[in-house]
Amino acid sequence: MSQVSDHIGVPTKEIKLTPKQIERFWKKVEKGDGCWNWKGNKKESGYGTYTYTSKIDGRQCARAHRVAYTLALGQIGPGCSLLHSCDNRLCCNPDHLRIGTNNDNIRDRLERNRMRSGVKLGMEAAREIRRRVLKGEAKKALAREFGVTPSTIRCLCQFKTWVNHKIWGL
Ligand SMILES: [Zn+2]
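Residues numbered from 1 in each chain as written. Predicted model: local features only at pLDDT ≥ 70, side-chain atom pairs only at ≥ 80, totals over all residues.

Caption draft 1: Region of interest: the pairing of strand 5 (residues 58-63). Here six bridges tie strand 4 (residues 48-54) to strand 5, and the two strands are oriented antiparallel to one another. The partner of Tyr-52 across the bridge, within strand 5, is Gln-60. (Pairing = 2+ DSSP bridges. Helix = DSSP H or I, 4+ residues; strand = E, 2+ residues; numbered from the N terminus.)

Caption draft 2: Quick peek at the sheet that holds strand 4. Strand order in the open sheet formed by three strands is 3-4-5, and the pairing between neighbours is antiparallel. Only two strands of the sheet have a single neighbouring strand rather than two, namely strand 3 (41-42) and strand 5. Note that strand 3 and strand 4 share two bridges and pair antiparallel. If you follow Asn-41 over to strand 4, its bridge partner there is Thr-49.

Caption draft 3: Just the packing of helix 4 (residues 123-134) against helix 5 (residues 139-146), in detail. In contact at an axis separation of 10 Å, helix 4 and helix 5 are set at 155 degrees when each is read in the N-to-C sense. Between helix 4 and helix 5, the angle falls in the class roughly antiparallel. Read as a crossing pair, helix 4 and helix 5 show a hand that is right-handed. Here Ala-125, Ile-129, Arg-132 and Val-133 of helix 4 come into contact with helix 5, specifically with Lys-139, Leu-142 and Phe-146. For the contact of helix 4 with helix 5, the residue count by class is five nonpolar, no polar and two charged. (Axes fitted to C-alpha atoms, helices over the stretch in contact; angles between N-to-C directions. Parallel < 35°, antiparallel > 145°, perpendicular 65-115°, else oblique. Left-handed = near helix turned anticlockwise from the far one by under 90°. Contact = placed C-beta atoms within 7 Å. Nonpolar A, V, L, I, M, F, W, Y, C, P; charged D, E, K, R; others polar.)

Any link to function would need more than the numbers given here.
Structure follows, in structure tokens:
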């Protein structure tokens, strides 16, 4: 089976725990009315991590919210990522988690303006520039107004950047 990468390079793997490991896992989750916060180890990415030893695969490090979802609702299919509807990466409440495709995940991140590298324009600005270029406004003037280079505007209009708008029909 080919492994499909989750949000940030974490392969989608089946999570199999012994009853003892399950018990140990839930002890690190603070259950409440709203978010169930993870009290165990955290990664720099802000996600909780749960480390356990599998008889077959040895030492495993899984994302806490993925473990919680798997225990509550079943395995997460390959190529799917798990999204937080509450935007709290430490949250392990299955009610706050939903399965999405990796595209959903990218789109979510775009909408929340989380793309880290090289994006100088937000989605709204990108849309507005395209609209105005179509209406005939000069790219040079738009570049000045938005504080980017004319080549940025050109790439944008040729769908070399913000290409996902085209795919998603935005
Ligand atoms: Zn939550």
